[in-house]
Amino acid sequence: MERYMDALRACKPPPKRAKITQEDQEDCIEGGLHVPNSVLDGCESGFTAADEHRAKASTQFFDDTALMALLCHHDIVLFLANMHSAGEKQHYVMALVETLFQHLPLECCLGILYDIRCQAERSCVKWGFLDCYMDRLSFGISVFHVFGHQWACQIIYHPRKCRGFGLSHGEGCECFWHSISKLIAYLQVCGYHQQLYTLDCQVDYAHDEIIEGLGAWLLRRSQHVLKKCKAMELILQGCGDQEVLLRAQWDAQVAAQTKPLPCQSKKAGKDTVNELIRLRETQNDLKKHVKEYDAIIADVDLLPDEYADARTELESVHKRLEELRTRIRRKQAVLGVGDRTQLTNLINNPFLALRMQMLALKQRLRDRLRFRKFELDRLERLFRKQVHGFNKITDQKINDHTASSVNRRDPSISKLALNYNHLRDEMAALIQAHKALPCTLCPEKIETKGLFALDVDDTIWQDVGLDEGSNGVPPPWLASESVRAGI
């Protein structure tokens, strides 16, 4: 499998990229994926398992450095793979999945929960791994590990948000690893065949133990599902919104929070001006079409069929013209120009370039703060609950893991705020030197102290001097507590 995957990678070498920062890089969603490259890169850098070159054990002293297991939904081991590399390379995952599909009927579909599912799918789409099984395969991320991923990755790959996984947590491998962790010291010094025999015995013992308690496991899970269903039905009744509305708001939230981040490019101002010029030219062409169809309709000798066709075309042109006018007003508001402004004189304007950089940087900062708030919502909800017994211990572990993952990303958010303030000082200098557009206001600085509080009157929500066309009305999935609870 390793040689096969290396051969596929060699056939399609990745394009060489210039060394540019993440803010300057053009973000996009590659074909077949669901989240932008910036999110996938953030998940890759945040997980040890995603780095194939990071050594977990020395290959100088050990032939087998680790184990990778594939478990069924009941946490029974199906297949084990001996890892011979220092890092957790992807060919082990692909080999296990390929082996499992060879034992399943052709019409069988499979759902897999994996710690770094986003990276595995990215490789499958990019290099064509498991290409013949992708239409029958759905991936998710195990519950405990999903909170270490970027927020956009969580809303796509969290098992609670993926159809088919239900309340599955996908942490059976962690429990299995804990049950055999006591053998680590012994297996490091025993012979190869003795190692295989010991592992086989341990797997057989765990298999028999789970089979004996399978009835109690099924009863416990069934009761848990019924309890969850009743609690969720009460919440849905309390929010008062229809399911169709809630699903539409959820789709809007996913679309808004998984869109590519704006590029903080020095060419953004020039590109926006050129795009506005093209939009105005298209608007003039559509106005000419409107006059032509008006002249056709005014012809008294026109046949009824020709009149109906002209009427239909005219309505279509009017609709396109109205949509185009909305886009033009939006672009003019972003640039801070009017209808009669000569755009050709602003193509290489340094002030507009700086203004577009600041707007892109502020949108990035605002999205990061929103994502952080959504991640911490789980901690706030669980804090209000009265949880007893085993669930209390499990939820506390997830809370600690979530808080650690969120706090680890705080320095990068603070750095964005400092970069924004630096650009704001440059804009203030241009305004003072009379190099800005007429009647331009300088935006306020973002105070780094209390940045994560997200008060309603914070500067982070104000676009004065940057985007005068924004109406400031947040969508229901963001502002309405009842809609968020219903989702």
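Residue positions are given per chain, counted from 1 along the sequence in the order it is written. Totals for whole chains, interfaces and linings use every residue, but because this is a predicted model, local features are given only for residues with pLDDT of at least 70 and side-chain atom pairs only at 80 or more, for both listing and counting. Excluded from the side-chain calculations are hydrogens and water; all other atoms, namely the structure's heavy atoms, are used.

### Brief notes about the overall build of the chain
This is how it is decided: Under the scheme used here, helices are H or I runs from DSSP no shorter than 4 residues and strands are E runs no shorter than 2 residues, and both carry numbers assigned from the N terminus. Accessibility here uses a 1.4 Å probe with only protein chains present; expressed as a share of the type maximum, an area under 20% marks a residue as buried, one over 50% as exposed, and anything in between as partly exposed. Residue contacts are counted whenever heavy atoms from the two residues lie within 4.5 Å of one another. Accessible areas in this description were obtained via Shrake-Rupley with a 1.4 Å probe; residue shielding takes into account the shown protein chains only.
Each helix and strand in the chain was counted, giving 18 helices and four strands. The proportion of buried residues among the 487 residues of the chain is 39%. Sequence separation of 24 or more characterises 72% of the internal contacts of the chain that already satisfy a separation of 6 or more. For the chain, the accessible area works out to roughly 29,000 Å², and carbon and sulfur atoms hold 54% of it.

### Here's the deal with the pattern of salt bridges
Note the following rule: The rule for a salt bridge is simple: a side-chain nitrogen of Lys or Arg has to be within 4 Å of a carboxyl oxygen of Asp or Glu.
Counted under the stated rule, the structure contains nine salt bridges. A salt bridge links Arg122 to Glu44; the shortest N-O distance between them is 3.8 Å. Of this pair, Arg122 sits in helix H4 (residues 117-127) while Glu44 sits in helix H2 (residues 37-46); the two residues are 78 residues apart in sequence, bridging distant segments of the chain. Put simply, Arg327 and Glu275 hold a salt bridge, and the shortest N to O gap is 3.6 Å. Residue Arg327 is located in helix H13 (residues 304-335), and its partner Glu275 is located in helix H12 (residues 268-297); the two are separated by 52 residues in the primary sequence. A single network of salt bridges, built from pairs that share partners, joins Asp41, Glu44 and Arg122.

### Digging into the pairing of strand S1 (residues 66-71)
To keep it simple, the criterion reads: Between any two strands, at least two bridges found by DSSP are needed for them to pair.
Bridge analysis of S1 against strand S2 (residues 77-83) gives six bridges, and the strand direction is antiparallel. From the neighbouring strand, Leu67 faces S2, where its bridge partner is Asn82. Where S1 folds back on S2, the antiparallel hairpin that results is connected by five residues, among which Asp75 adopts a positive phi of roughly 65°.

### Looking at unusual backbone geometry
Keep in mind that most residues, glycine aside, have a negative phi and that most peptide bonds are trans. Phi at Asp75 takes a positive value of approximately 65°, unusual for a residue other than glycine. The residue Asp75 is located in the loop between S1 and S2 in this model. In this structure, Leu130 takes a positive phi of about 55° despite not being glycine. Taking the relative accessible area as the measure of exposure, Leu130 reaches 7% and is therefore buried.

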